[in-house]
Amino acid sequence: MDTKFNTAFIVSGGGTRVMIYLGMYAALEQLNMKPDVLIATCGGAFASTVINTFPSNQSRKEYLKSEEYYRFATRPRLTAQKKLSKIGLLSLKKVFDKRNAPFTEDVFSTYLAEISDDFTEDFPSLKHTQFSINIPTLIIGSEILFNIESKGEKRNNKKLYQKVIFTDAETAKKINLDKIVITTNNYINSAVTVASKLKTDVSMLMSTRVSVSDMFYVAPAVLENKHYAGGAIDLIPIELASHIAENVVIENKQVYSTVEESLIRAVLGYSGNKRLTEVQNQKPDFQIDTRNIKNELEGHYIKKKIDWKNLEVCFDYPKSYEAFKKDMDLQWNYGYKQTIESIKQQKKLESI
């Protein structure tokens, strides 16, 4: 097994945080902490693909302000599940059911937002991007271990999901799967099998489509006649990062909401907030604090809200393309600023 990377940056989750992660990456470069390897989950996978596609921080930023990305980000895509009588009632039931994944949930047809199973048409600028040793990247997804016919059945302690790491063949050589097993009771007793698997034969854009799948939000992706769910299976894979790199940079995220926590518990069978605590207990080397993100960027990112008149979930979109570009600049600046301030503060504390 080769020597470790110096610095791993875990780019973790949130479809509306893509531009924020680009600001973070630029700030790490500015601080002479350019990551040697990216580990990406959910929306972070898209940010990592953009980083791999374009040669500079400015060109990456301009892409996320392009009409191509704007059209995708603001396209109407809500399904019939948007009604509060559907997704709202389901969420309420999960909040009150404290059991850990008692059933195989119908993640195949019960989801809020429709996106293509093939991103090459949505993102022609990204379709030729491949995993590369130039910017080593690992993207997290999950294989669904049950079939559509089994939805709704009692789980009976069966394992329903398996973590999958998508990367290139050279980077894969640095990973000993036995060394990255999560050993906490929270995870071991879940619906996720402890063993992970590696895949080195999938394009970066397809790996990204897998990773952005999300329980009850975006449908699983189909790959090689199997269904794959998203990176939420392990939003901050710190065991993997610590295994392959000497230093680990993560985002210090706000805790899961009551509804988010209940959906993770219902599908994956563990507590997302306990997992966040477990990550903190492993003492990552540097953390970028984004716990104030909702206050700092209020009104400047696409978010879900409730349309009480029609009793349904809707998206709050920017009013125009120009407003969208301004919002993206604000998001980039937020990621950059939070990174500079967080890292400098931590280095200052270390020197005392």
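All of the points below concern the structure found in this document. (Residues numbered from 1 in each chain as written. Predicted model: local features only at pLDDT ≥ 70, side-chain atom pairs only at ≥ 80, totals over all residues. Heavy atoms only, no water.)

This part is about helix α2 (residues 43–53). One turn of the α-helix equals 3.6 residues, which is why residues spaced by three or four share an orientation. Where burial is concerned, most of α2 is hidden: 10 out of the 11 residues are buried. Within the sequence span of α2, burial applies to Gly43, Gly44, Ala45, Phe46, Ala47, Ser48, Thr49, Val50, Ile51 and Asn52. (Buried < 20%, exposed > 50% of the residue type's maximum accessible area, 1.4 Å probe, protein only. Helix = DSSP H or I, 4+ residues; strand = E, 2+ residues; numbered from the N terminus.)

The next point concerns the side chain of arginine 155. Along the polypeptide, arginine 155 turns up in the loop between β3 (137–144) and β4 (161–166). One buried charged residue, arginine 155, remains without a salt bridge, the closest side chain of opposite sign being glutamate 105 at 9.2 Å. There is a polar contact of 2.6 Å between the side chain of arginine 155 and the backbone oxygen of alanine 101. Looking at arginine 155, its side chain comes within polar contact range of the main-chain oxygen of lysine 158, at 2.9 Å. (Lys, Arg positive; Asp, Glu negative; His and termini not counted. Salt bridge = Lys/Arg side-chain N within 4 Å of Asp/Glu carboxyl O. Polar contact = N/O pair within 3.5 Å; in protein donor to acceptor, adjacent residues only side chain to side chain.)

Let us look at helix α1 (residues 18–30). Over its 13 residues, α1 extends 19 Å from the first C-alpha to the last, a length consistent with the 18 Å expected when each residue adds 1.5 Å. With 11 of 13 residues buried, α1 is to be regarded as a mostly interior element. Considered for burial, the residues of α1 that qualify are Val18, Met19, Ile20, Tyr21, Leu22, Gly23, Met24, Tyr25, Ala26, Ala27 and Leu28. Count one or two residues on from α1 and you reach asparagine 32, which has phi positive near 60°. (Expected span 1.5 Å × (residues − 1).)

Next up on the list: unusual backbone geometry. Positive phi, normally seen in glycine, also occurs at asparagine 32, with a value near 60°. Asparagine 32 sits in the exposed class, given a relative accessible area of 74%. For lysine 283, which is not a glycine, the phi torsion comes out positive at approximately 50°. Secondary-structure assignment places lysine 283 in the loop between α11 (272–281) and β9 (286–289).

A separate point is a nonpolar patch on the surface. A cluster of nonpolar residues, Leu89, Leu92 and Phe96, forms a patch on the protein surface that exposes about 330 Å² of accessible area. Here leucine 92 lies in helix α5 (residues 84–96). Since its relative accessible area comes to 46%, leucine 92 is described here as partly exposed. (Patch = residues over 30% accessible without salt bridge, like charges linked within 9 Å, V, L, I, M, F, W, Y side chains within 5 Å. Areas by Shrake-Rupley, 256 points an atom, 1.4 Å probe, with all protein chains shown as cover.)

In this section: the packing of α2 against helix α8 (residues 204–212). The N-to-C vectors of α2 and α8 enclose an angle of 160°; their axes lie 7 Å apart at closest approach. By the angle between their axes, α2 is roughly antiparallel relative to α8. In this structure, α2 crosses over α8, and the sense of that crossing is left-handed. Here Gly43, Ala45, Phe46, Ser48, Thr49 and Asn52 of α2 come into contact with α8, specifically with Met204, Leu205, Thr208, Ser211 and Val212. When grouped by side-chain class, the residues that make up the contact of α2 with α8 number 5 nonpolar, 6 polar and no charged. (Axes fitted to C-alpha atoms, helices over the stretch in contact; angles between N-to-C directions. Parallel < 35°, antiparallel > 145°, perpendicular 65-115°, else oblique. Left-handed = near helix turned anticlockwise from the far one by under 90°. Contact = heavy atoms within 4.5 Å. Nonpolar A, V, L, I, M, F, W, Y, C, P; charged D, E, K, R; others polar.)

Worth remembering: the numbers are spatial, not functional.
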